[in-house]
Amino acid sequence: MTAQHSPMAPAAIGPDPQGAPHRKRNVTLISAAMITDSAESGLLSALFPVIAASLGLATSALGVLIAAGRLVSVVSGPLWVFLTRYLARRTVLAIASGLWGVWAIVAAFSQDFVQLLILNTIAAAGFTAAHVFLPAIVGDSFPDAKRGRVIGWVYGALVISSSLLGPLFGQLADVPQGWRYGYVAIGVINILAGLAILLFLRDPGIGYMDGRADQHRAGTTTATATATATATATATDDGVSWRTVASLFRLPSYVVLIISRLLSPHPVLGAFAVVLLVEAHGLSIQVATAAFAPFGIGYLVGNIVIGYLGDIANRFSADHGRVTLLQLSQFAFGGLAFLATQVTYDGVWMYSLFFALMGAFQGWNPILNRPIVMAIVPPEQRGTAFGFMISIVESISYSVLALITGFVAGAIGTQGAVLWTIVAVVLVNGLVLTGLQVTFRRDRRALLARTETAPAAQPALAE
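Residues numbered from 1 in each chain as written. Predicted model: local features only at pLDDT ≥ 70, side-chain atom pairs only at ≥ 80, totals over all residues. Heavy atoms only, no water.

### Here's the deal with the overall build of the chain
Secondary structure assignment for the chain yields 20 helices and 0 strands. Here the chain holds 463 residues, and 51% of them are scored as buried. Within the chain, contacts between residues separated by at least 24 positions form 82% of all contacts whose residues are at least 6 apart in sequence. Carbon together with sulfur atoms contributes 68% to the accessible area of the chain, which is approximately 20,400 Å² in total. (Helix = DSSP H or I, 4+ residues; strand = E, 2+ residues; numbered from the N terminus. Buried < 20%, exposed > 50% of the residue type's maximum accessible area, 1.4 Å probe, protein only. Contact = heavy atoms within 4.5 Å. Areas by Shrake-Rupley, 256 points an atom, 1.4 Å probe, with all protein chains shown as cover.)

Pasting the structure below:
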């Protein structure tokens, strides 16, 4: 007799259709931890000119620091997930996104480039944990109908916070060794965020919204329940399946998207924007960081607007609507990036306007490419598809392009580097996406035909 039929077993209690208890608080806590990642990137971008002067660095050093910090996430992200086999997610988050902040404090005392590179990279390894766990905890805390908007708002708010932190860090440029105080502040904030997670985060358990986190639904808080939660996590957090990745490469549209993500230098521009405005256009660090700040507001607005436009375009043409908008966003970003970086203006507001518009078009990318992947990849393979594309491909792309931009900047200047490694590359990206105009229709309809052959899936095809 199975446990569910046993008269001694407790009655099953289904999850609240509105979501898990404490869901908003949990997302807020994790978002706060994610801000420290943005803070570290913002500090490097805003204060690199004074860091370079303090330690005697070339512009190429910025690319190396950014690349190392992002590449380490390819290893550290899966590692933090692996640790949830033995520790509760809350504990792993509190360590990685909180107490790990001590490395940022130690980085403040770096005396040369090698020390800063090593310590900054170690600190960045911890910052990745919140990014890894946020989608999983959102999925366990919110019903499917609300997950997209929650993640959209979180990432939009994250970009805004990053844009606002830039001008704040810029004020440290006039403080002797001010960049060191910035690192200490990041470390302290990180530690406080970790303590808040440890004390106040209430993990609903992996699979709560799918009816699998029984111990949490029953309100159990014993060590046995924690062990059960860990076992559930082990069963569902499979990471990237390389066999599935190989099968995904038989989908032409997925291959085009992977190439597109490799040719996506959008975030690299954010990393070098302040340095460029200072070196090529003669702005002070304070003014340059303020000029770049509207980028975050544009990103959030872009997230919201394209959500509606994408749905309208998809209704107009399911085969070409979202693909055309995604392609358009690359050309628009490239044109705006040229105007913002290659032309000098008398007023700062022109730079702010172009950066705000660039933020809006960059905000289109995740809202459009995620549904495109969902439309061509079978449900059982989507976890691997997104894991490979986001955690590995996008991290490698950002690291390599940042590294190349840094070295090219050292050779021909930041303005020339941005022209060839960002503006030109994103325009090539737009051309690459032309391939989706051919392949997406076939791949989408192939998945649709496969779904139609499954009787249980037929009601979902009413659209």
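### Digging into the packing of aromatic side chains
Considering all chains together, one arrives at 10 aromatic pairs under this definition. Between Tyr345 and Tyr351 the ring centres are 5.3 Å apart and the planes differ by 75 degrees, which places this aromatic pair in the edge-to-face class. Side by side, Tyr345 and Tyr351 carry an identical accessibility label, which is buried. Residues Phe361 and Trp364 carry aromatic rings whose centres are separated by 5.0 Å and whose planes lie at 55 degrees to one another, so their mutual orientation is tilted. A residue is classified by how much of its surface remains accessible, and Trp364, at 9% relative accessible area, is buried. Within the aromatic cluster, the residues linked to one another by ring pairs are Trp80, Trp100 and Trp103. (Phe/Tyr/Trp six-rings, centres within 6.5 Å; stacked < 30°, edge-to-face > 60°.)

### Looking at the environment of Leu192
Position of Leu192 relative to the elements: it lies in helix α7 (residues 178-200). Sequence separation of Leu192 and Ala33 is 159 residues, and the distance between their C-alpha atoms is 9.2 Å.

### A short note on the packing of helix α12 (residues 266-281) against helix α19 (residues 414-432)
The interhelical angle for the contact between α12 and α19, taken along N-to-C directions, is 150 degrees, at an axis separation of 9 Å. Taken together, the axes of α12 and α19 lie roughly antiparallel to each other. Relative to α19, α12 is oriented so that their crossing is left-handed. Seen from α12, the contacting residues are His266, Val268, Leu269, Phe272, Val275, Leu276, Glu279, Ala280 and His281; seen from α19, they are Thr414, Gln415, Val418, Ile422, Val426 and Asn429. Taken together, the residues that form the contact of α12 with α19 break down as 9 nonpolar, 5 polar and 1 charged. (Axes fitted to C-alpha atoms, helices over the stretch in contact; angles between N-to-C directions. Parallel < 35°, antiparallel > 145°, perpendicular 65-115°, else oblique. Left-handed = near helix turned anticlockwise from the far one by under 90°. Nonpolar A, V, L, I, M, F, W, Y, C, P; charged D, E, K, R; others polar.)

### Considerations on the pattern of salt bridges
Across all of its chains, the model carries 7 salt bridges by this definition. With its nearest N and O atoms 3.0 Å apart, the salt bridge here joins Arg261 to Glu394. On the criterion of sequence distance, the pair formed by Arg261 in helix α11 (residues 252-262) and Glu394 in helix α18 (residues 382-412) is long-range, its members being 133 residues apart. A network of salt bridges, in which partner residues are shared, links Asp319, Arg441, Arg444 and Arg445. (Salt bridge = Lys/Arg side-chain N within 4 Å of Asp/Glu carboxyl O.)

### Side note on a nonpolar patch on the surface
A cluster of nonpolar side chains, contributed by Leu79, Phe82, Tyr86, Leu87, Ile95, Leu99, Val188, Leu192 and Leu195, occupies part of the molecular surface with about 810 Å² of accessible area. Residue assignment for the nonpolar patch shows that the elements contributing at least two residues are α2 (60-83) and α7. Element by element, the count of residues in the nonpolar patch is highest for α7, at 3 residues. Note on placement: Tyr86 falls in the loop between α2 and α3 (89-96). For Tyr86, a relative accessible area of 59% puts it in the exposed group. (Patch = residues over 30% accessible without salt bridge, like charges linked within 9 Å, V, L, I, M, F, W, Y side chains within 5 Å.)

### Brief notes about the side chain of Asn190
Of note, Asn190 is situated in helix α7. For Asn190, a relative accessible area of 0% translates into the label buried. In contact with Asn190, not counting residues within four places along its chain, are Ala33, Thr36, Ser97, Gly98, Trp100, Gly101 and Phe127.

### Examining the nonpolar core
Across soluble globular proteins, you tend to see nonpolar side chains buried next to one another. Grouped together as the largest cluster of nonpolar side chains are 90 residues, with contacts concentrated most on Tyr183, Tyr254, Phe355 and Met358. Excluding its chain neighbours within four sequence positions, the residues that come into contact with Tyr183 are Leu43, Leu44, Ala104, Ile105, Ala107, Ala108, Leu116 and Asn120. Core analysis: the next-biggest nonpolar cluster, separate from the first, contains 23 residues, Leu93, Ala129, Val154 and Leu158 among them. (Core = buried A, V, L, I, M, F, W, Y, C linked by side-chain atoms within 4.5 Å.)

### Some remarks on the side chain of Thr439
When you line up the elements, Thr439 lands in helix α20 (residues 434-452). Excluding residues within four positions of it along the chain, Thr439 makes contact with Pro252, Ser253 and Val256.

### Brief notes about the confidence of the model for the chain
Taken as a whole, the chain shows an average pLDDT of 80; of its residues, 82% reach a score of 70 or greater. Note that pLDDT drops below 50 for residues 214-238; the model gives that stretch 28 contacts with residues more than four away or on any other chain. Confidence drops under pLDDT 50 across residues 456-463; counting only partners more than four residues distant or on other chains, this segment forms 5 contacts. (pLDDT = per-residue confidence, 0-100.)

### Quick word on unusual backbone geometry
In the Ramachandran plot, Gln177 falls in the positive-phi region, its phi being about 55 degrees despite a non-glycine side chain. On the secondary structure map, Gln177 appears in the loop between α6 (144-170) and α7.

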